[in-house]
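Here's the letter readout for the chains.
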Amino acid sequence: MLIATPALANDGGFESQFDTVLGTEVRTPQAYESLFSSPLERQIAQLADGSNGRIGVYAIDLSTGREVGILADQRFPMASTSKVAIAATFLAGVDAGRWSLTTEYRLPRPGGAYLPAYQHLSLMISKSCNDCTDALLNAVGGPRAVNKWVRDAGIEGFELTRDIATLIREDGRTDPAWTVVTDDSATPRAMGKLLSGIYQGKWLSEHSRRVLLDAMEETTTGKHRMRSVLPASANLAHKTGTLARTASDIGIFHTPDGRAIAVAIYVTGQSPSMAIENGSRGQKLEARANRDARISSITQALYHGFWRNEVDDGRNWASAEYGGE
């Protein structure tokens, strides 16, 4: 499903129009200032200015429940961030005894080797291996099985429709900067809730939870995104995603006082047009660097903002439940 949108800035009118089109209208802002519940959210909105393409952000402090969101309920291309949900679905099957981490699956390519599931899972997360992802996606029953697991987990705003091979083959047919495609998309809030539940041990055994988080801690992709601005002490566990005119990074980092923050950032555009990017390697590389820079600047602001308790709207928050970390 495609929803075309005009090139509007990331302000109240932009979000209001998307809310109306997508059925996610939850408020009618009377003034620009009323959009933001805290100084941190205002800062993130400035960093996520949408004049060069939509940018979605969701972050939650898992100790206090405090949230920050900019276009948090609008759909963005998941790209490879969907691999976290695929991995979680497979690990839930391990916990249920339907298969094991030592079960071998063939890489879906001519002459593909058989690898144990634990190796597929490690490579699909830490190295973003597409063939490994499709091997486990086939094992769980395809996109429908992942969607069912996500829905059963109580998460809305997530839809996986294709395997990775098909997704890559069909990439670039629409411009995500100005067009919402619901296929293979999720809201930043949905992905933040997914990360939160995994970290808190809501759906997976402690062993499966640790397998997934360990793989995310070993991620080597996206060196200029979240990882570039966080200290080693933040213990970042994350997964990146990249497709035409879009870059993303979702993960969990820790503040200096030990609080876990789940974050999902989706950036589109950041160049004049898809045609310009496709017509010049230099323009494409510059746009990719711009998208990465948006992610890194937003991450840095979230890290310092949550650490300094800039989110303070006067409400009381219930403590989050934790797994055995």
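Residues numbered from 1 in each chain as written. Predicted model: local features only at pLDDT ≥ 70, side-chain atom pairs only at ≥ 80, totals over all residues. Heavy atoms only, no water.

Caption draft 1: Highlighting the overall build of the protein. Secondary structure assignment for the protein yields twelve helices and twelve strands. Taken across its 325 residues, the protein has 53% of its residues classed as buried. Within the protein, contacts between residues separated by at least 24 positions form 67% of all contacts whose residues are at least 6 apart in sequence. Of the accessible surface of the protein, which amounts to about 13,700 Å², a share of 49% is contributed by carbon and sulfur atoms. (Helix = DSSP H or I, 4+ residues; strand = E, 2+ residues; numbered from the N terminus. Buried < 20%, exposed > 50% of the residue type's maximum accessible area, 1.4 Å probe, protein only. Contact = heavy atoms within 4.5 Å. Areas by Shrake-Rupley, 256 points an atom, 1.4 Å probe, with all protein chains shown as cover.)

Caption draft 2: Summary view of the environment of Met274. Relative to the elements of secondary structure, Met274 occurs in helix α11 (residues 274–279). Its relative accessible area of 14% is what places Met274 among the buried residues. Between the C-alpha atom of Met274 and that of Lys284, which follows or precedes it by ten residues, the distance is 8.8 Å. Leaving out residues up to four positions away in the same chain, Met274 has contacts with Gly172, Thr174, Asp175, Pro176, Ala244 and Arg245.

Caption draft 3: Up close: the sheet that holds strand β7 (residues 158–159). With respect to topology, three strands assemble into an open sheet ordered β4-β9-β7, the strand pairing being antiparallel. For this open sheet the edge positions go to β4 (76–77) and β7, each flanked by a neighbour on one side alone. Summarising the sheet, β4 and strand β9 (residues 185–186) pair through two bridges and their orientation is antiparallel. The residue of β9 that forms the bridge with Phe76 is Ala186. (Pairing = 2+ DSSP bridges.)

Caption draft 4: Inspection of the nonpolar core at higher detail. In terms of nonpolar packing, the biggest core is built from 82 residues, with Phe90, Leu212 and Leu302 touching the most fellow members. Among the elements that make up this core, the one with the highest residue count is helix α3 (residues 82–95) (nine residues). If near-sequence neighbours (up to four positions away) are discounted, Leu302 is found in contact with Ile44, Val57, Ala59, Val68, Phe253, Val263 and Ile265. (Core = buried A, V, L, I, M, F, W, Y, C linked by side-chain atoms within 4.5 Å.)

Caption draft 5: Structural detail: the sheet that holds strand β12 (residues 260–268). Read across the sheet, five strands follow the order β3-β2-β12-β11-β10 without closing on themselves; strand pairing throughout is antiparallel. Looking along the sheet, the strands with just one partner apiece sit at the ends: β3 (67–70) and β10 (237–243). When strand polarity is set aside, the average angle formed by the axes of neighbouring strands in this sheet is 5°. Pairing of β10 with strand β11 (residues 246–254) involves seven bridges; the strand directions are antiparallel. Along β11, the bridge assignment pairs His238 with Gly251. (Axes fitted to C-alpha atoms, helices over the stretch in contact; angles between N-to-C directions.)

Caption draft 6: Looking closely at the pairing of β12. Where burial is concerned, most of β12 is hidden: nine out of the nine residues are buried. The side-chain alternation of β12 yields two buried faces, one formed by Ala260, Ala262, Ala264, Tyr266 and Thr268 and the other by Ile261, Val263, Ile265 and Val267. One ladder, built from seven bridges, connects strand β2 (residues 55–61) with β12; its direction is antiparallel. Looking across to β12, one finds that Ala59 is bridged to Val263. Relative to β12, β11 runs antiparallel, the two being bridged by nine bridges. Bridged to Thr246 within β12 is Thr268.

Caption draft 7: Structural context of the packing of aromatic side chains. Under the counting rule described, the total for this entry stands at six aromatic pairs. Considering the side-chain rings of Phe90 and Trp99, the 5.4 Å spacing of their centres and the 15° angle between planes classify their relative orientation as stacked. As far as the burial class goes, Phe90 and Trp99 line up, both buried. Consider the rings of Trp149 and Trp203, whose centres lie 5.5 Å apart with planes at 80°: the pair is edge-to-face. Highlighted residues: Trp149 in helix α6 (residues 143–152) and Trp203 in the loop between α8 (188–200) and α9 (206–217), separated in sequence by 54 residues. Three or more aromatic residues link up through ring pairs in this structure, and these residues are Phe90, Trp99 and Tyr105. (Phe/Tyr/Trp six-rings, centres within 6.5 Å; stacked < 30°, edge-to-face > 60°.)

Caption draft 8: Fine view of the packing of helix α4 (residues 117–126) against α9. It is the contact of α4 with α9, at a shortest axis distance of 8 Å, that shows an interaxial angle of 40°. Of the possible angle classes, the one that applies to α4 and α9 is oblique. Seen along the crossing, α4 lies across α9 with a hand that is right-handed. The residues of α9 that touch α4, namely those facing Leu121, Ser122, Ile125 and Ser126, are Val211, Leu212, Ala215 and Met216. A breakdown of the residues in the contact of α4 with α9 according to their chemical character gives six nonpolar, two polar and no charged. (Parallel < 35°, antiparallel > 145°, perpendicular 65-115°, else oblique. Left-handed = near helix turned anticlockwise from the far one by under 90°. Nonpolar A, V, L, I, M, F, W, Y, C, P; charged D, E, K, R; others polar.)

Caption draft 9: Main features of α4. Of the positions making up α4, those classed as buried are Ala117, His120, Leu121, Met124, Ile125 and Ser126. Of the surrounding elements, those touching the buried residues of α4 are α3, β5 (104–106), β6 (114–116), α5 (130–140), α9 and β10. Looking one or two residues beyond α4, the residue adopting positive phi is Ser128, at roughly 60°.

This is a description of form; function is not addressed.
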